[in-house]
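The lines below spell out each chain.
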Amino acid sequence: MSKPASVLFVCLGNICRSPTAEGVFRKLVEQAGLQDRVHIDSCGTSNWHIGKGPDLRSQEAAVKRGVDISMLKARQFTEKDLDTFDYVVVMDRQNLADVKDIWHQNGGTQPTLFLEYGRSSLAEVPDPYFGGEDGFEEVLDLIEEAGEGLLVDIKERFA
Ligand code: 4NP
């Protein structure tokens, strides 16, 4: 790879799906030995949880798969992120619409739905916040699978 790649995961609150994606994808990147070549971050479209750590249910589900996200802190998406990151990867269609509103004004990296990189028949990573424990497991399953595809895309684009 010639130039480091940068990836930003975006959800609504930055306390469930996108910090999980950040942690899981960092592990995938480390396993591939590419930790110095891929920069990873996450954020939320809302300002609701700025400065807070991930939801404890997300932390617990991630730890069971060997991923520690306890140190992450929520921040809000800004238009500058579209100039900074090579990939702006969103979890659902509402995130896509919200980021695209800013992209239309600002330009920069066009946001993409995360699950486009995977083989799931789902288009969106469902919001687990108001549901039960199963939702957090499903989020991890979807993220692990799409993360593999995203890494393939990065390896091809930044080869
Ligand atoms: P996330 O989940 O977007 O995956 O972080 C949510 C977290 C908090 C809320 C909604 C979704 N909330 O309504 O506070």
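Before reading further, recall that the structure is shown in the block above.
Residues numbered from 1 in each chain as written. Predicted model: local features only at pLDDT ≥ 70, side-chain atom pairs only at ≥ 80, totals over all residues. Heavy atoms only, no water.

> Before we move on, can you summarise the side chain of Asn-14 with the specific residues and values?
Note that Asn-14 resides in the loop between strand E1 (5-11) and helix H1 (17-31). A polar side-chain atom of Asn-14 sits 3.0 Å from a polar atom in the side chain of Ser-42. A distance of 2.9 Å separates a polar side-chain atom of Asn-14 from the backbone nitrogen of Arg-75. Setting aside residues no more than four positions away along its own chain, Asn-14 makes contact with Pro-19, Ser-42, Cys-43, Gly-44, Lys-73, Ala-74 and Arg-75. (Helix = DSSP H or I, 4+ residues; strand = E, 2+ residues; numbered from the N terminus. Polar contact = N/O pair within 3.5 Å; in protein donor to acceptor, adjacent residues only side chain to side chain. Contact = heavy atoms within 4.5 Å.)

> Break down the sheet that holds strand E3 (residues 87-90) for me, citing the residues and quoting the values.
As summarised here, the arrangement of the four strands in space is E2-E1-E3-E4, forming an open sheet in which the pairing is parallel. Looking at the sheet topology across the chains shown, the edges are occupied by strand E2 (38-44) and strand E4 (112-113). Here E1 pairs with E3 via four bridges, running parallel. Bridge pairing in E3 links Leu-8 to Val-88. Against the sheet, H1 makes contact with E1 and E2, and its axis sits at roughly 170° relative to E2, the strand it touches most. Packing against the sheet, helix H4 (residues 93-106) makes contact with E1, E3 and E4, and its axis sits at approximately 140° to E3. (Pairing = 2+ DSSP bridges. Axes fitted to C-alpha atoms, helices over the stretch in contact; angles between N-to-C directions.)

> Can you tell me about the packing of helix H2 (residues 56-63) against helix H5 (residues 133-157), naming the residues and giving the values?
Close contact between H2 and H5 brings their axes to 10 Å; oriented N to C, the two are set at 55°. Comparing their axes, H5 and H2 come out oblique. Judged by the twist between their axes, the crossing of H2 over H5 is right-handed. Facing H2, whose interface residues are Arg-57, Ser-58, Ala-61 and Ala-62, H5 presents Phe-136, Glu-137 and Leu-140. Looking at the contact of H2 with H5 residue by residue, the classes come out as four nonpolar, one polar and two charged. (Parallel < 35°, antiparallel > 145°, perpendicular 65-115°, else oblique. Left-handed = near helix turned anticlockwise from the far one by under 90°. Nonpolar A, V, L, I, M, F, W, Y, C, P; charged D, E, K, R; others polar.)

> An account of the packing of aromatic side chains is requested, with residue identities and associated values reported.
One pass over the full model with this rule turns up five aromatic pairs. A centroid spacing of 5.6 Å and a plane angle of 75° characterise the contact between Phe-9 and Phe-25, whose relative ring orientation is edge-to-face. Residue Phe-9 is located in strand E1, and its partner Phe-25 is located in helix H1; the two are separated by 16 residues in the primary sequence. A relative accessible area of 1% places Phe-25 in the buried class. Seen from their ring centres, Tyr-87 and Phe-158 are 6.4 Å apart, and the 40° between their planes marks the pair as tilted. A residue pair is termed long-range when its members are at least 10 positions apart, and Tyr-87 in strand E3 and Phe-158 in the segment after H5 qualify at 71 residues. Classification of Tyr-87 by relative accessible area gives buried; the value is 3%. Take Phe-158: its relative accessible area is 6%, and that puts it in the buried class. Cluster of aromatic residues (ring-pair linked, three or more members): Phe-9, Phe-25 and Phe-114. (Phe/Tyr/Trp six-rings, centres within 6.5 Å; stacked < 30°, edge-to-face > 60°. Buried < 20%, exposed > 50% of the residue type's maximum accessible area, 1.4 Å probe, protein only.)

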